[in-house]
Each structure stands twice: as structure tokens, then as C-alpha cells.
Amino acid sequence: MSLNRERVLVSYDEFEEMFTTFQHTAFRLETRRRYRSDEESETYQQFVAGLAPEWDLDHPWCRSRREQAALGKRFERVRIMDNPPTIGQRYLLNNSERNGLVGEDIRYLWRADADRLGLPAEDAWLFDSRYLALLHFDADDDITEIEVITDPVKVARACQERDAAWHYATPHREFAAGVPSGM
């Protein structure tokens, strides 16, 4: 019996579907210093210009999150932050308020603390503690592949990493109050 498993890649549409088909919990560990997709948004441009981003709480993404949260599903994230934070990380800290309004619980952890905990460097979503969607990025910080992992050993490890990250992370409002202003 071979323990080697083939890589399972899914399309972006299949990945998006996971956010409505999961049953209980969707957890993301966000580890990157920037995301190209954020930088291409109007709200990012507003943020770097020193303006308050105008979040559209009726955007389909926001509506979907609210609908899923109303069904009792939980969305949780731990975002890793550098010290000093990058512009992209500051943008996401600002964005946490919008995400909270649509049903996500976001917490933060300094990168040095994440390293001490041995958290992985990869960005991933963990769904229902049953499968992991590992996000692969290129050098320009664009998503290139989404790999679904169901190997029970890897999923169990991801659950332990989630639990450690969540335990030591700080809720976004409390964390934001302690981040020195840099913009």
C-alpha cells in the first residue's frame, strides 16, 4: 500500500463553492505580507491614499458571509502581522472591521510569536476540521493554485496549528489598538 497521495487541485470556482458547502467552521491562517488581489481593489487605493475605505456591505461576498453565519456557520481567521506591519497588513487590519460586520471573527498574531509556535508559512483554509485548502502564490503574490488536502495526518496537524494560533492570537480591535500608527 502506497502512502503517497496525488495532489488534488481545484478551480477557483470550486474553491469558492467550499464557502457555502462547508457545514460548521471555516478557518484561515493568513501568513503573507501582501496580496496582489487586495492591491488591485478600490478600497486598497483609498486606504493607501489616507482615506477611509468605503466598504460595500451589500457586495455579494459580504452577503454570502452573512447568510452562512446566519445558518450558524463560523468563519475565523488568524492573520500574521510583521513588526513593523507592511502596508498590505495594515490594510487588512482595517478590513477586519468590515469582515467582523459580516460574521467573521478575526484575530492577530505577531510573526515572531507565530514562528515561536512553529506555525506554517503557507496560507490555507481549514474546513470543518476535515479538509485543507492550501493556497499557492507566485512571486507577485497572486494565487496560482488551490490544493485540497484530505490526508488525515496533515489535516490533524492543521487542526493543532489552528488551535495554537487561535489560543495565542488577539482579537482584531484589541490588537489594532496596540499597533503603532505608520500611515
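Relevant structure appears above.
Now for a description of the structure that goes with this document. (Residues numbered from 1 in each chain as written. Predicted model: local features only at pLDDT ≥ 70, side-chain atom pairs only at ≥ 80, totals over all residues. Heavy atoms only, no water.)

### Some details on helix H4 (residues 60-70)
Here comes step 1: When H4 is considered as a whole, its buried residues turn out to be Cys62, Arg65 and Gln68. In a view along the axis of H4, the buried residues occupy a sector of 130°, so they form one face of it.
Here comes step 2: Tucked into the core, H4 has its buried residues touching helix H1 (12-21), strand E3 (74-81), helix H5 (87-101), strand E4 (104-110) and strand E5 (123-127).
Here comes step 3: Just beyond H4, the residue with positive phi is glycine 72, at close to 95°. (Buried < 20%, exposed > 50% of the residue type's maximum accessible area, 1.4 Å probe, protein only. Helix = DSSP H or I, 4+ residues; strand = E, 2+ residues; numbered from the N terminus. Arc of directions from axis to C-beta. Contact = heavy atoms within 4.5 Å.)

### Thoughts on the pattern of salt bridges
Here comes step 1: What the rule picks out here adds up to 20 salt bridges.
Here comes step 2: Measuring nitrogen to oxygen at the nearest pair gives 2.5 Å for the salt bridge that ties arginine 77 to glutamate 30. Taken together, the residues arginine 77 in strand E3 and glutamate 30 in strand E2 (residues 25-30) connect sequence positions 47 residues apart.
Here comes step 3: With relative accessibility at 4%, the residue glutamate 30 sits in the buried group.
Here comes step 4: Of the charged contacts, one joins arginine 107 and aspartate 105 as a salt bridge, the two residues approaching to 3.8 Å between their closest N and O atoms.
Here comes step 5: Taken together, the shared-partner salt bridges in this structure form one network comprising Arg28, Glu30, Arg65, Arg77, Arg79, Glu104 and Asp123. (Salt bridge = Lys/Arg side-chain N within 4 Å of Asp/Glu carboxyl O.)

### Quick word on the pairing of E2
Here comes step 1: Burial within E2 is extensive, with six of its six residues counted as buried.
Here comes step 2: Summarising the sheet, E2 and E3 pair through six bridges and their orientation is parallel. If you follow arginine 28 over to E3, its bridge partner there is arginine 77.
Here comes step 3: Relative to E5, E2 runs antiparallel, the two sharing four bridges. By the bridge assignment for E5, leucine 29 is matched with alanine 124. (Pairing = 2+ DSSP bridges.)

### Things to note about the side chain of threonine 25
Here comes step 1: Along the chain, threonine 25 turns up in strand E2.
Here comes step 2: Not counting residues up to four positions away in its chain, the partners in contact with threonine 25 are Arg74, Leu126, Phe127, Asp128 and Ser129.

### Remarks on the pairing of E4
Along a regular strand, successive side chains alternate from one face of the sheet to the other.
Here comes step 1: Burial runs high along E4: five of the seven residues are buried.
Here comes step 2: As paired strands, E3 and E4 are joined by seven bridges and run parallel to one another. Across the sheet, the residue bridging to glutamate 76 is aspartate 105, located in E4.
Here comes step 3: Handedness of the crossover joining E3 and E4 through H5: right-handed.
Here comes step 4: As judged from the two bridges shared by E4 and strand E8 (residues 170-171), these two strands associate in the antiparallel manner. Following the sheet pairing, arginine 107 is matched in E8 by proline 171. (Right-handed = clockwise from strand over helix to strand, strands pointing away.)

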